[in-house]
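# Chains, contacts and geometry: an overview
Below, each chain spelled out in residue letters.
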Amino acid sequence: MQLAIEALDRIALHEKECGERWGEAMVELRELRKVTDAHSARWERLAWLVIATVLTTAGATWVTNII
């Protein structure tokens, strides 16, 4: 009987530790999501800048060759 109680106590302690780790992991994931979203927005702006520059250069080259 004592062995069963000790096992249940260990299981309860393990569950408590896992719950705390899970909470910490969720906080880390939320922070990672915020950082990833910020980086994503930055790279999206850069991509649009590159696309606009290429299209403008291609258009200017085309107009120059036509005239």
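Reading the values: the criteria
Residues numbered from 1 in each chain as written. Predicted model: local features only at pLDDT ≥ 70, side-chain atom pairs only at ≥ 80, totals over all residues. Heavy atoms only, no water. Salt bridge = Lys/Arg side-chain N within 4 Å of Asp/Glu carboxyl O. Helix = DSSP H or I, 4+ residues; strand = E, 2+ residues; numbered from the N terminus. Buried < 20%, exposed > 50% of the residue type's maximum accessible area, 1.4 Å probe, protein only.

## Thoughts on the pattern of salt bridges
As enumerated under the stated definition, the model contains 3 salt bridges in all. The residue E6 makes a salt bridge to R10 at a minimum N-O spacing of 3.4 Å. Of this pair, E6 and R10 both sit in helix 1 (residues 2–66), separated by 4 residues, roughly a single helical turn. By relative accessible area, which is 37% here, E6 ends up partly exposed. A salt bridge links E31 to K34; the shortest N-O distance between them is 3.7 Å. A residue pair is termed a helical-turn pair when its members lie 3 or 4 positions apart in one helix, as E31 and K34 do in helix 1 at 3 residues.

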